[in-house]
Number of protein chains: 2
Amino acid sequence: MPAAIDLAQKLSLFTEHWTPKVVADFNGHDVMVVKVKGEFNWHSHPDTDDFFLVLNGRLTIRLRDAQGAESAVILGPGELYVVPKGVEHCPVAEEETHLVIIEPAGTPNTGDPATAVVKTRL
Amino acid sequence: MPAAIDLAQKLSLFTEHWTPKVVADFNGHDVMVVKVKGEFNWHSHPDTDDFFLVLNGRLTIRLRDAQGAESAVILGPGELYVVPKGVEHCPVAEEETHLVIIEPAGTPNTGDPATAVVKTRL
């Protein structure tokens, strides 16, 4: 039987940070939930946009343009942002923050397969 | 300056039902918000999965398999479902329900370009 995917229930199944869990497939993309806290690394994805939706908490996405100029987007609950393909970014969360992220299946979360976490499925 | 997309604020800008509004672009897809109430039509999308996330309210997605057998998924707030490519479905909402939906840009919402609404951008 098809079943709804309850994002809060999925998020209750783990505690670790920066380890996206796949909860659905969509057109070759992984739909994931993730808990984040602290600062991630600066990275970019040369081949894909990066979708962030905050469920609770607060996420700052630091951005750096091709000329090296920095800006930032601050997301609260119910807010989303798509980092365009190729744009350098660094997610930061002062408090634990819960997100939905969407990326093509197999995209390294750090931008580098050598340092990326393996995305498990819930 | 890049800015967060506040889904509730976007939803406050219109009142009509079944008219998706594009709020972001993601890898050739439209990220949309939509208000729904009542029953839509049975349709399918031969070339794309169909992403539904409920923000508030309650959505029933009736589903019909290739043998004609019916089932349904019921989504409350914070729940999502992806209707696989080619699967016949009919969304129904007894009360006004607010959704995020994601489809490739240009996908007819009814499954048929002749009856589809034009998706405007907010």
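Residues numbered from 1 in each chain as written. Chains lettered and ligands numbered in written order. Predicted model: local features only at pLDDT ≥ 70, side-chain atom pairs only at ≥ 80, totals over all residues. Heavy atoms only, no water.

### Observations concerning the overall build of chain A
And then number 1: Each helix and strand counted, chain A has one helix and nine strands in total.
And then number 2: Helices (α) and strands (β) of chain A occur, in sequence order from the N terminus, as β-α-β-β-β-β-β-β-β-β.
And then number 3: The globule rule puts the C-alpha radius of gyration for 122 residues at 14 Å, and the 14 Å found for chain A is close to it.
And then number 4: When its C-alpha atoms are laid out on the principal axes, chain A stretches across 50 × 30 × 25 Å.
And then number 5: Expressed as a percentage of the 122 residues in chain A, the buried residues total 49%.
And then number 6: For chain A, the proportion of contacts with a sequence separation of at least 24, taken over those separated by at least 6, is 67%. (Helix = DSSP H or I, 4+ residues; strand = E, 2+ residues; numbered from the N terminus. Rg over C-alpha atoms; globule rule 2.2 N^0.38 Å. Buried < 20%, exposed > 50% of the residue type's maximum accessible area, 1.4 Å probe, protein only. Contact = heavy atoms within 4.5 Å.)

### Concerning the interface of chain A and chain B
And then number 1: Contacts between chain A and chain B engage 32 residues on the former and 32 residues on the latter.
And then number 2: Between chain A and chain B, a total of about 2,400 Å² is buried, with carbon and sulfur atoms accounting for 68% of that surface.
And then number 3: One can count zero salt bridges joining chain A with chain B.
And then number 4: Across the chain A-chain B interface, the total number found is 10 residue pairs in polar contact (both at pLDDT 80 or more).
And then number 5: Ranked by residues supplied to the side of chain A that touches chain B, first place goes to strand β6 (residues 70–75) of chain A with five residues.
And then number 6: Here the residues of the side of chain A that touches chain B sort into 21 nonpolar, five polar and six charged. (Buried area = accessible area lost by both parts, 1.4 Å probe. Salt bridge = Lys/Arg side-chain N within 4 Å of Asp/Glu carboxyl O. Polar contact = N/O pair within 3.5 Å; in protein donor to acceptor, adjacent residues only side chain to side chain. Nonpolar A, V, L, I, M, F, W, Y, C, P; charged D, E, K, R; others polar.)

### Here's the deal with the UniProt feature "domain: Cupin type-2" (unreviewed entry) in chain A
And then number 1: Feature annotation in UniProt places "domain: Cupin type-2" (unreviewed entry) on residues 31–102 of chain A, given in this structure's numbering.
And then number 2: Taken end to end, residues 31–102 of chain A is 0% helix and 67% strand, and its first and last C-alpha atoms sit 5 Å apart. (UniProt positions renumbered as here; feature names shortened; annotations may be inferred.)

### Here's the deal with the pattern of salt bridges
Residues and elements named next belong to chain A.
And then number 1: In total, this model carries 14 salt bridges over all chains according to the counting rule given.
And then number 2: Among the salt bridges present, the one from Glu39 reaches Arg62, with a minimum N-O distance of 3.6 Å. With Glu39 in strand β3 (residues 29–39) and Arg62 in strand β5 (residues 59–64), the pair connects residues that are 23 residues apart, well separated along the chain.
And then number 3: The partner of Arg62 in a salt bridge is Glu70, and the shortest N-O contact between them spans 3.0 Å.

### Thoughts on the environment of Arg62(B)
All names here are of chain B.
And then number 1: On the basis of relative accessible area, Arg62 is assigned to the partly exposed category, the value being 27%.
And then number 2: For Arg62, the contacting residues outside a window of four places in its chain are Glu39, Trp42, Glu70, Ser71, Ala72, Glu88, His89, Cys90 and Val92.
And then number 3: Polar side-chain contacts of Arg62 include one of 2.9 Å to the side chain of Glu70.

### Describing the nonpolar core
And then number 1: Val31(A), Phe51(A), Val31(B) and Phe51(B) are the most contacted members of the largest nonpolar core, which totals 30 residues.
And then number 2: Contact partners of Phe51(B), with chain neighbours within four places excluded, come to Phe26(A), Val31(A), Ile102(A), Leu80(B), Tyr81(B), Val82(B), Val100(B), Ile101(B) and Ile102(B). (Core = buried A, V, L, I, M, F, W, Y, C linked by side-chain atoms within 4.5 Å.)

### Considerations on the packing of aromatic side chains
And then number 1: With the rule as written, the count across this model stands at four aromatic pairs over all chains.
And then number 2: Between the aromatic rings of Phe26(A) and Phe51(B), the centroid separation amounts to 5.8 Å while the plane-to-plane angle is 70°, which identifies the pairing as edge-to-face. With one member in each of two chains, Phe26(A) in strand β2 (residues 21–26) and Phe51(B) in strand β4 (residues 50–56) form a pair that bridges those chains.
And then number 3: Overall, Phe26(A) belongs to the buried group, its relative accessible area being 1%.
And then number 4: You can call Phe51(B) buried: its relative accessible area is 2%.
And then number 5: One residue, Lys35(A), lies across the ring of Phe14(A), its end atom 5.3 Å from the ring centre. (Phe/Tyr/Trp six-rings, centres within 6.5 Å; stacked < 30°, edge-to-face > 60°. Lys NZ or Arg CZ within 6 Å of the ring centre and 35° of its normal.)

### Digging into the environment of Val54(A)
Residues and elements named next belong to chain A.
And then number 1: Following the sequence through the fold, Val54 ends up in strand β4 (residues 50–56).
And then number 2: Residue classification places Val54 among the buried residues on the basis of a relative accessible area of 1%.
And then number 3: Separated by 31 residues in the primary sequence, Val54 and Val23 have C-alpha atoms spaced 16 Å apart.
And then number 4: The contact partners of Val54, leaving out residues within four places of it in the chain, are Leu59, Leu75, Gly76, Pro77, Gly78, Glu79, Thr97, His98 and Leu99.

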